[in-house]
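# Structural overview
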Amino acid sequence: MASTPMAFQTSRRPLLVNPPAGLSSVIRKKLMGYVGFANLPNQVHRKSVRKGFQFTAMVVGESGLGKSTLINTLFNTTLYPAKEPQPPSAEKPKTVAIESIGADIEENGVRLHLTVVDTPGFGDFVNNDDSWKPIVEDIESRFDSYLEQENRVNRTKVVDNRVHACLYFLQPTGHSLKQIDVEFMRRLHTKVNLIPVIAKADTMTDEELAAFKQRILSDIEHHNIHIFQAPTYENEDEETIAEAEEIASKIPFAVVGSDKVVNTPDGRQVRGRVYPWGVVEVDNEEHCDFVKLRQMLVRTYMEELREYTNDVLYENWRTEKLLGMGVAQDSSVFKEINPAARLQEERVMHEAKLAKMEAEMKMVFQQKVQEKESKLKQSEEELYARHKDMKEALEKQRLDLEEKKRKLESGRPITPEKNSTRRKGFLPALLQFLSSGMLLTIHLYVFVFFSMLIGIVLVLLEQAPPSFAWILSTDPIF
Ligand SMILES: Nc1nc2c(ncn2[C@@H]2O[C@H](COP(=O)(O)OP(=O)(O)OP(=O)(O)O)[C@@H](O)[C@H]2O)c(=O)[nH]1
């Protein structure tokens, strides 16, 4: 492999010196030759041509307004074969049907897979109140199918069946929008690119058409109906802007359809309708707006219609559906990230986390301290109560001992209460009484005896004083 491509050189000198804070330095190199990325659009073009294009158009309108004819005229093909006239006895369908016809058409080597969705029966009943319902259901079922394919694990073959444009055919009444038109457009304008067309415009004069268009537009505005408008972008060339403006000025398109080639009085062969007074040319912008419609639908804005369907209509429907299912969007996912701001944000978050942890730790510490304090207080109270009990017991003991001491000192029995309180029987009390009287008598006798003895001794000794003479006398004392 060659170290340096021959096609270009790069200068090695960095051109961007002061990168914004938080961003790593970006080195920009100046190209010194042809690289080739200017060819990218060609690559995309080639790839698209190889892959081909896919487009789905829906046509809605009352029967006989020229829908099939216009589709055949638009794509220059007989997608819808000529219809056999139905016998009056033939049973008519009671509901709006949805029919799809697909065809691969090729023009200058570019392939287009065209699908046309027809809605036979729309507006053909006595009561057309719910005519729009099967059509809305069909459009939503196509969105559903696309969503289901998007959510598959393998998405290599995603088939886009979504309706990219809906041509709504208005009867050339010359009045204003009918109730069924308003109802249909109101129900569908958020789900499909609406393109209103005035069918069979060759049945009206230019003045009638202009007035009819004005009334239709004011009705559309009055009912807040959004119809597809040719988009304009900044920096676009004047020609493109003028083209877009011209297309927009023709809405609603007054069309004439014919897939037949007819001869004009001046000898030309054109697609048109022959009348006794002349030929209405489909591709003549002075006769009808068919060319402008084709320009909008096929030539200029087909990709815009596909993009708008995908990016706006389908996206809105998808968001609503997912929200309805309870799926919520995390808005932070798609936030643009500035590294410096991100760092600051992380720092703030970290600090907040630390502060929270600190507060939590403080709280836990305080809680523990409080628990410990209450425990200590409790044990202190217990100790104090025990000390009080012991003190009281000791005091009582001291008082008892002092009482005993006093009693001992006073000679009283320690337990006088016991003797005094004991109840004596009669016999013991009598015996005690008698014994105490006998003891006294005995004492007296002993005393008398000893006194007499002493007197006798003294008399005998003759020294007894005269006072003792009575002892010798025989007089009884008692
Ligand atoms: N005057 C006039 N007649 C038209 C025009 N386009 C179609 N027709 C005629 O109107 C008749 C019905 O045309 P179709 O294309 O079959 O109409 P349609 O809306 O597809 O009808 P259904 O298939 O029944 O829904 C045919 O005879 C057409 O030739 C038109 O632009 N002007």
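Predicted model, so just to flag it, every value in this text is computed and none were measured.

## A look at the confidence of the model for the protein
- For the protein, per-residue confidence averages 81 on the pLDDT scale, and residues scoring 70 or more make up 81% of the total.
- For the stretch residues 1-19, pLDDT sits under 50, and the model shows 23 contacts to residues farther than four places along the chain or on other chains.
- Prediction confidence for the complex, expressed as pTM and ipTM, is 0.63 and 0.95 respectively.

## Notes on unusual backbone geometry
- That bond from I251 to P252 is cis: its omega, -5°, falls within 30 degrees of zero.
- Positive phi outside glycine occurs at N108, with the angle close to 50°.
- Mapped onto the elements, N108 comes out in the loop between β2 (99-107) and β3 (110-118).
- Unlike most non-glycine residues, K200 shows phi in positive territory, near 45°.

## Details of the environment of R306
- In this structure, R306 sits in helix α8 (residues 302-324).
- For the pair R306 and F55, spaced 251 residues apart in the sequence, the C-alpha separation amounts to 7.6 Å.
- Reaching out from R306, the side chain makes a polar contact with the side chain of E303 at a distance of 3.1 Å.

## Some points on the sheet that holds strand β5 (residues 194-198)
- An order of β2-β3-β1-β4-β5-β6 is seen for the 6 strands of this open sheet, with the pairing classed as mixed. The two strands at the open ends of the sheet, each matched to only one other strand, are β2 and β6 (253-254).
- Looking at chain direction, strand β1 (residues 53-60) and β3 are connected through 7 bridges and run parallel. Its bridge partner being in β3, Q54 is matched across the sheet by H113.
- Contacting β1, β3, β4 (165-170) and β5, α8 runs over the sheet at an angle of about 80° to β1.

## As for the packing of aromatic side chains
- Enumeration according to the criterion identifies 10 aromatic pairs in this entry.
- Centre to centre, the rings of F228 and Y308 are 6.3 Å apart; their planes meet at 70°, and the pair counts as edge-to-face. With a gap of 80 residues between them, F228 in the loop between α5 (206-222) and α6 (238-249) and Y308 in helix α8 connect regions that are remote in the sequence.
- The buried category is assigned to F228, whose relative accessible area is 5%.
- One cation-aromatic arrangement involves R162 over Y146; the distance from NZ or CZ to the ring centre is 3.6 Å.

## Quick word on the pairing of strand β8 (residues 269-275)
- Where strand β7 (residues 261-263) lies against β8, 3 bridges are found, and the strand directions are antiparallel. When the sheet's bridge partners are listed, V261 is paired in β8 with R271.
- Hairpin connection of β7 to β8: 5 residues between the antiparallel strands, including G267 at a positive phi of 90°.
- Across 4 bridges, the pairing between β8 and strand β9 (residues 278-281) is antiparallel. Each bridged residue has a counterpart across the sheet, and for R273 the counterpart in β9 is V280.

Calculation rules
Residues numbered from 1 in each chain as written. Predicted model: local features only at pLDDT ≥ 70, side-chain atom pairs only at ≥ 80, totals over all residues. Heavy atoms only, no water. pLDDT = per-residue confidence, 0-100. Contact = heavy atoms within 4.5 Å. Helix = DSSP H or I, 4+ residues; strand = E, 2+ residues; numbered from the N terminus. Polar contact = N/O pair within 3.5 Å; in protein donor to acceptor, adjacent residues only side chain to side chain. Pairing = 2+ DSSP bridges. Axes fitted to C-alpha atoms, helices over the stretch in contact; angles between N-to-C directions. Phe/Tyr/Trp six-rings, centres within 6.5 Å; stacked < 30°, edge-to-face > 60°. Buried < 20%, exposed > 50% of the residue type's maximum accessible area, 1.4 Å probe, protein only. Lys NZ or Arg CZ within 6 Å of the ring centre and 35° of its normal.

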